Number of protein chains: 4
Amino acid sequence: MTPFTLVAPRGRWPHNSTVTYRIGIINVTGFAGMEAARLLWNHPEARIVAATGRSLAGQRLGDAFPSLDIYGDFRISEEIDQSVDVVFSSLPTAASAEACAPFARGGVKVIDIAADFRLKEPGAFEQWMSGGQPHPAPDLLQEAVYGLPELNRDELRSAQIVANPGCYPAASVLALAPAVAAGLVGDQIVVDAKSGISGAGRGGGAGFGYSEVNEDVSAYKIAAHNHQPEIQQELANLREAPSPRVTFVPHLVPMTRGIHATCYAPLARSVTKAEVFEVYRDFYRDAPFTKVVETPPHTKHTLGTNMCLVHPSLDERNGMLVVVGVLDNLGKGAAGQAIENMNLMLGLDQKAGLDLPAVFP
Amino acid sequence: MTPFTLVAPRGRWPHNSTVTYRIGIINVTGFAGMEAARLLWNHPEARIVAATGRSLAGQRLGDAFPSLDIYGDFRISEEIDQSVDVVFSSLPTAASAEACAPFARGGVKVIDIAADFRLKEPGAFEQWMSGGQPHPAPDLLQEAVYGLPELNRDELRSAQIVANPGCYPAASVLALAPAVAAGLVGDQIVVDAKSGISGAGRGGGAGFGYSEVNEDVSAYKIAAHNHQPEIQQELANLREAPSPRVTFVPHLVPMTRGIHATCYAPLARSVTKAEVFEVYRDFYRDAPFTKVVETPPHTKHTLGTNMCLVHPSLDERNGMLVVVGVLDNLGKGAAGQAIENMNLMLGLDQKAGLDLPAVFP
Amino acid sequence: MTPFTLVAPRGRWPHNSTVTYRIGIINVTGFAGMEAARLLWNHPEARIVAATGRSLAGQRLGDAFPSLDIYGDFRISEEIDQSVDVVFSSLPTAASAEACAPFARGGVKVIDIAADFRLKEPGAFEQWMSGGQPHPAPDLLQEAVYGLPELNRDELRSAQIVANPGCYPAASVLALAPAVAAGLVGDQIVVDAKSGISGAGRGGGAGFGYSEVNEDVSAYKIAAHNHQPEIQQELANLREAPSPRVTFVPHLVPMTRGIHATCYAPLARSVTKAEVFEVYRDFYRDAPFTKVVETPPHTKHTLGTNMCLVHPSLDERNGMLVVVGVLDNLGKGAAGQAIENMNLMLGLDQKAGLDLPAVFP
Amino acid sequence: MTPFTLVAPRGRWPHNSTVTYRIGIINVTGFAGMEAARLLWNHPEARIVAATGRSLAGQRLGDAFPSLDIYGDFRISEEIDQSVDVVFSSLPTAASAEACAPFARGGVKVIDIAADFRLKEPGAFEQWMSGGQPHPAPDLLQEAVYGLPELNRDELRSAQIVANPGCYPAASVLALAPAVAAGLVGDQIVVDAKSGISGAGRGGGAGFGYSEVNEDVSAYKIAAHNHQPEIQQELANLREAPSPRVTFVPHLVPMTRGIHATCYAPLARSVTKAEVFEVYRDFYRDAPFTKVVETPPHTKHTLGTNMCLVHPSLDERNGMLVVVGVLDNLGKGAAGQAIENMNLMLGLDQKAGLDLPAVFP
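Not measured: the values here are computed from a predicted model.

Caption draft 1: Layout of the overall build of chain A. Helices and strands together make up the secondary structure of chain A, namely 11 helices and 13 strands. Computed over its C-alpha atoms, the radius of gyration of chain A comes to 20 Å, within 12% of the 21 Å expected for a compact globule of 361 residues. Across the 361 residues of chain A, 69% fall into the buried class. Here the analysis covers contacts within chain A between residues at least 6 apart in sequence; of these, 71% occur between residues at least 24 apart. For chain A, the accessible area works out to roughly 11400 Å², and carbon and sulfur atoms hold 50% of it. Positive and negative side-chain charges of chain A, numbering 29 and 38 respectively, have mean locations separated by a distance of 4 Å.

Given below as structure tokens:
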């Protein structure tokens, strides 16, 4: 991790001359990879030196994705060698674990933005992720740290490989964690989550054409999405009692970015609104990117940032805690979170490169 | 209710010469009123003969609202006289009840698209609707029939005054009614509802400017919206047991029309998916506008129609029934429903004028 | 063209019992085909008896396209036999001409919603449409009538085969025709057209994913779109003088439906606003679906209808006539226009089935 | 212009400790003011020390506008004192000039994001901007430099007061300037411009409610918008010959940000595509924020940045140069441009704080 000579020519504004860390991105051509490239451009101590994107290898990054034209002559490459300090991967399931393993074993810090290192329970990967195929690197699966600093900051500081959270779990777990940890809520939790269409990935494929998706809301994979066990696993780690059961239903709404998770948890005991807020504020006292807010937050107030806004409230008539968590699915739900994790892994300021107001309107 | 001479000149296509019933619309200038005018244009047996809209009185309807230019020289008027057969009202709270009362007492059939005649429990109007002001016509409140034909078709046939359901309750009650009536579900129900922005009314006012609302999702009036007691009241009528408690959270999503209600109800007993579908299909066997569907429905598949699509499913891990109900908030959620009620009140075919495919894409 | 027994079971509302004409749709699975099915549902004298859609043959239409669920058990078929009275085709280039030819030769009236029968000049089909392949039915190409009733109503009444206009030319030609015919404008016309994304067809393919297209405007095929010679051909027919040259630039805007053509034509002589309006109103005096309006029209005021709104204005400083034409690209720009043409070909009322207010908001 | 003690507490990430210049924003509560605050947050050498916003004075900026919550305890103030180095103003017409004058006269550098200092010709302010009211500071009007660095970089370096360009003129002038300056084009230019709704300002007022504007395109102020003389004035400065006449028509399209100006200019002489590109590339060789691109650019590729993308092309059939210019109306069209101007006025790197990839998707 030594300073280095600039390999890839930078844009027109010659800042960042003191940059120290060299980053590789496996599959920069997905939305999460593109967003990592966007955010890293202004990171004070890290920069991309190589980025793959299979069918586009050889192309200028800025020709493939004009929003990244600022990268000048930087080109998408076939391979990333092990001289990098950190790799991010956003390949599809199983392919990502296979690509990550050699880097992690070779001492490169790895952040898997894909879902391959998230589910720890034996058999969960096969059941939820791969259609029965065994995990390509089960040893690394056990070693990987779940990349939510609000829960695991210390472990992340020394992690070799990080499982970056899914966009829905990031919003949902951050909304529910304080209440679950404090024992405020009982079982039979409902998470009703709404996502912008970019969660479906680039191009989107059949079913995500503009004309079909615009002016439409629909649920999908009702109680069958692989983010449900991820949410349940992380909530289970927060208390001794048996894992809370979670019903998770994702929805597509006609916007590009944003997750709005509305979480409903039956109260385990009587609480006041003031107590709930105290529990939440205590829990996130040291979290730079999760903020407890007093009015229902808007997804748009997080656009382009790494922020998660959490708003707890009580339905006293029905004995229900209702917590809203919102974030940008490509920010705190993917690439922003990955950079926050990188900062911790490299011993940098947790907020480096992520100190950004939201893009509004 | 005799045939009549055409007072208001019709459009360019001289059909509907056999039209029998004369309709008045109080406040045609709201979205619900405009949609009623749109749908009534092609009704085989009813036509608008007068429509008020305070500040616009005297204007051509088609100048005020170019989408209704087909109405030719028809003008917005100051008053509607009692010679009409039916009046629809979509005035604001309390004003609507005041405007409806003289018609109902004078023998004109009345359909209140506003919320004034919905909540029957003493004090509910004051608590939820009017900020403490007493109801302008408590006798009519008791007499009014809740206008959901799937529950009250026979009463609607002989009703003098109908409380047209709210858009959220229409979707939510239709989604939950079969399960509640059959005793499949217990207490502590959650209704997470997503609405297009037209639910906020014309112009929308502060907070509904395009730039603020576009690319944004937010919750509002969490567990404090007056559609919550409406949902609870209608579900309570379906069973002997105590009223189920309902947590209701509405959300705004960036589209113009559509309601997507996702309803979560803890199972009271073990059931199979097949049993659930049988219960639902039985319940809606004779309902022309509510259809039980086997895949998660899209709001857009109801756009411009009076359809409600209902999709029940089970989360067996969590002992939860999840039911999605979708509709067009201005169709089955307002004006379409009002016309269906009118058809019943006048002894017409329930589907008259509402026999429409959805506008797609 | 005799009355017939109902072959395909109808929806739940048993109207249209006196329907006389039997329609076939070749490729109901494109947006234009779907819109034709939507509009024909309520046509008083025509009904669909067969509709093809290659890969979906055998499926219920309502399963393939839930917005058309009202068609009940009607199924997509492999073939359409020649017993129909009219066929609409919306197949891709060349395939459409091939499919239409046997019907036209067998005496069935044909309306080609595709572009195969529009460009009359020898070589134009090869140059603009087919990449050099010769036209499959050059005799029918010469026989086909261009389906814009505002220009060719009488020829359409006796046509065997009709070339339904493109969506951009429909808006552009209707905006410019009165001025060109009256000799108000000279050469070097600019047509700047904005289209909703449904113009790109179903699914849309690469480049039309929601996340890419939303919140974006872009031009495409600048001065190279095959609607340019179509516009120029139709304007040329309106005057003796040499054909006006037209620069045509289409743009995609983030909405589903709608064409907004802004046309700029240098004035050939000095005129007043009043004269311009007189010329325009005279030209469209008998046109039921093109209306001259006094304020800039909104595409949304035509949504779901067969209307075109035309608004001429003068930029006196620059000696320029500016005319806006707006329509629904699937209505007057495709399926609505096709039904209007059908009405003329069958001797029905020109407005039959198209007498509809716009869907607003 | 001395270093200063931090008055307004900064956010959580303690960078920018070497910041040198103190900025005041008059009316931070408009979209342009908010965007200036967003962009200045990460400026390496400037920071906001005071910001007014009349009705909101006293409020935390982050409470008024949650997207700017990163500003911590910074509060909107009643006044800005003359100790600042630069003020930006985005007040309404006339009010802005009045507020700017005392600063400019007191030696504070002033950037007027409003339109008060743009039109130089005597009487133009009265005719186009103020409804006849005289200009509040005619001396400053003559002194003000038009803030387009691509045209006036040297004058901007020494300017006391800058007239920041309108969003439409920025895109249009940058698209046309090289061709006009090189004498490639003649008279009778057409600028057809499409804008996102944020151009209409916050809240938007009547006519900009989401439900009305969504799924709609419309033209407005056809050949009567005050950006027309602004475009014409700046083009006139580029050549000796008489000012080209420009027909300018703005349109609203349903997106939040973005301007797409499509410019049509009759060729004055025969040119090849290669010549045109050479002229354009030469003209913008030293411009860090205007880039000549070879394919039609997308507005979304500039979102959140200060970039303008320009794409010239030829319609040889019609002797027409067609140039597209796209930018973010709040970036290069307002606040980004203002900061670029500030950088020049303060002798900073022109790109300071503006070195940003676009937000995509």
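Caption draft 2: The relation of the copies chain A and chain B, seen in detail. Of the transformation placing chain A onto chain B, the axial shift is 0.0 Å and the rotation is 180°, giving an RMSD of 0.0 Å. Both chain copies can therefore be described as sitting about a two-fold axis. In this assembly the copies share their binding face: 100% of the residues contributing to the interface of chain A also contribute to that of chain B.

Caption draft 3: Just the sheet that holds strand β10 (residues 259–266) of chain D, in detail. All names here are of chain D. Taken in spatial order, the 7 strands make up an open sheet running β8-β9-β7-β10-β13-β12-β11, and their pairing is mixed. Each edge of the sheet is formed by a strand with only one pairing partner; in this case those strands are β8 (218–219) and β11 (290–292). Judged from the 2 bridges that link them, β8 and strand β9 (residues 246–252) form a sheet pairing that is antiparallel. Among the inter-strand pairings, A219 is bridged to a residue of β9, identified as H251.

Caption draft 4: Quick look at the interface of chain A and chain B. Taken together, the contact pairs 49 residues of chain A with 49 residues of chain B. Carbon and sulfur atoms supply 55% of the area buried between chain A and chain B, which totals about 4000 Å² over both sides. Per-residue buried area on chain A facing chain B is highest for E215, R317 and N318 of chain A; these three make up 16% of the total on that side. In this structure, the salt-bridge partner of D192 of chain B is K194 of chain A, at a minimum N-O distance of 2.9 Å. At the junction of chain A and chain B, the tally comes to 34 residue pairs in polar contact (both at pLDDT 80 or more). When contributions to the side of chain A that touches chain B are tallied by element, the ones reaching two or more residues are α4 (124–129), β7 (189–195), α8 (210–213), β8 (218–219), β9 (246–252), β10 (259–266), β12 (308–315) and β13 (320–327) of chain A. Of the residues forming the side of chain A that touches chain B, the biggest block, 5 residues, is contributed by β7 of chain A. Class assignment for the residues of the side of chain A that touches chain B results in 22 nonpolar, 17 polar and 10 charged.

Caption draft 5: Fine view of helix α7 (residues 167–181) of chain D. Residue and element names in this part refer to chain D. Over its 15 residues, α7 runs 21 Å from end to end, which matches the ideal 21 Å to within 8%, given 1.5 Å per residue. Maximal helix bending in α7 amounts to about 30°, located at V173. Taking burial as the measure, the 15 residues of α7 include 14 buried ones, the bulk of the element.

Caption draft 6: Up close: the relation of the copies chain B and chain C. Of the transformation superimposing chain B on chain C, the axial component is 0.0 Å and the angular component is 180°, with the fit at an RMSD of 0.0 Å. Comparing contact sets, 100% of the residues at the interface of chain B also lie at the interface in chain C, consistent with an isologous, same-surface contact.

Caption draft 7: Here's a closer look at the sheet that holds strand β5 (residues 145–146) of chain C. Residue and element names in this part refer to chain C. The 6 strands lie next to each other as β2-β1-β3-β4-β6-β5, forming an open sheet whose pairing is parallel. Edge positions in the sheet fall to β2 (46–51) and β5, since each has one partner strand and no second. Alignment of β5 against strand β6 (residues 161–163), held across 2 bridges, turns out to be parallel. In the sheet register, Y146 faces β6, and the bridge partner there is A163.

Caption draft 8: Broad picture of the interface of chain B and chain C. Across the contact, 39 residues belong to chain B and 39 residues belong to chain C. Interface area, chain B with chain C, both sides summed: about 3400 Å², of which 59% is carbon and sulfur. Taken together, the connections running from chain B to chain C amount to 2 salt bridges. As a salt-bridge pair, D69 of chain B and K291 of chain C come within 2.6 Å of each other at their nearest N and O atoms. The element contributing the most residues to the side of chain B that touches chain C is helix α1 (residues 31–40) of chain B, with 4 residues. A class-by-class count of the residues in the side of chain B that touches chain C yields 20 nonpolar, 7 polar and 12 charged.

Caption draft 9: Representation of the nonpolar core. Grouped together as the largest cluster of nonpolar side chains are 115 residues, with contacts concentrated most on F88 of chain A together with F88 of chain B. Once residues within four sequence positions are removed from consideration, F88 of chain B is found in contact with I23, G24, I25, I26, L40, I111, I113, A338, I339 and M342 of chain B. Ranked by size, the runner-up nonpolar core spans 114 residues in total, among them L346 of chain C together with L61, I113 and L354 of chain D.

Caption draft 10: Main features of the confidence of the model for chain A. All names here are of chain A. Put simply, chain A has an average pLDDT of 93, and 94% of its residues get 70 or more. Low pLDDT, under 50, characterises residues 1–16; the predicted model gives this stretch 41 contacts beyond four residues in sequence or across chains. As scored by the predictor, the complex reaches a pTM of 0.95 and an ipTM of 0.94.

Caption draft 11: Inspection of the packing of aromatic side chains at higher detail. Inspection of the entire model under this criterion finds 18 aromatic pairs over all chains. Consider the rings of F283 of chain D and Y284 of chain D, whose centres lie 5.0 Å apart with planes at 75°: the pair is edge-to-face. Chaining the aromatic ring pairs together yields one cluster made of W41, Y71 and F74 of chain A. Note that K300 of chain B overlies the ring of F360 of chain B, its terminal NZ or CZ placed 5.5 Å from the centroid.

Caption draft 12: Highlighting the packing of α7 of chain D against helix α10 (residues 273–283) of chain D. All names here are of chain D. Between α7 and α10, the shortest axis-to-axis distance is 9 Å and the interhelical angle comes to 110°. Taken together, the axis directions place α7 and α10 in an arrangement best described as roughly perpendicular. When the axes of α7 and α10 are compared, the crossing they make is right-handed. For the pair α7 and α10, the contacting residues are A175, L176, A177, P178, A179 and A181 in the first and V279, Y280 and F283 in the second. Of the residues that constitute the contact of α7 with α10, the class distribution is 9 nonpolar, no polar and no charged.

Cut-off values and rules
Residues numbered from 1 in each chain as written. Chains lettered and ligands numbered in written order. Predicted model: local features only at pLDDT ≥ 70, side-chain atom pairs only at ≥ 80, totals over all residues. Heavy atoms only, no water. Helix = DSSP H or I, 4+ residues; strand = E, 2+ residues; numbered from the N terminus. Rg over C-alpha atoms; globule rule 2.2 N^0.38 Å. Buried < 20%, exposed > 50% of the residue type's maximum accessible area, 1.4 Å probe, protein only. Contact = heavy atoms within 4.5 Å. Areas by Shrake-Rupley, 256 points an atom, 1.4 Å probe, with all protein chains shown as cover. Lys, Arg positive; Asp, Glu negative; His and termini not counted. Charge placed at Lys NZ, Arg CZ, Asp CG, Glu CD. Least-squares fit on C-alpha atoms with pLDDT ≥ 70 in both. Pairing = 2+ DSSP bridges. Buried area = accessible area lost by both parts, 1.4 Å probe. Salt bridge = Lys/Arg side-chain N within 4 Å of Asp/Glu carboxyl O. Polar contact = N/O pair within 3.5 Å; in protein donor to acceptor, adjacent residues only side chain to side chain. Nonpolar A, V, L, I, M, F, W, Y, C, P; charged D, E, K, R; others polar. Expected span 1.5 Å × (residues − 1). Bend = angle between axes of the 7 residues up to and from the residue. Core = buried A, V, L, I, M, F, W, Y, C linked by side-chain atoms within 4.5 Å. pLDDT = per-residue confidence, 0-100. Phe/Tyr/Trp six-rings, centres within 6.5 Å; stacked < 30°, edge-to-face > 60°. Lys NZ or Arg CZ within 6 Å of the ring centre and 35° of its normal. Axes fitted to C-alpha atoms, helices over the stretch in contact; angles between N-to-C directions. Parallel < 35°, antiparallel > 145°, perpendicular 65-115°, else oblique. Left-handed = near helix turned anticlockwise from the far one by under 90°.

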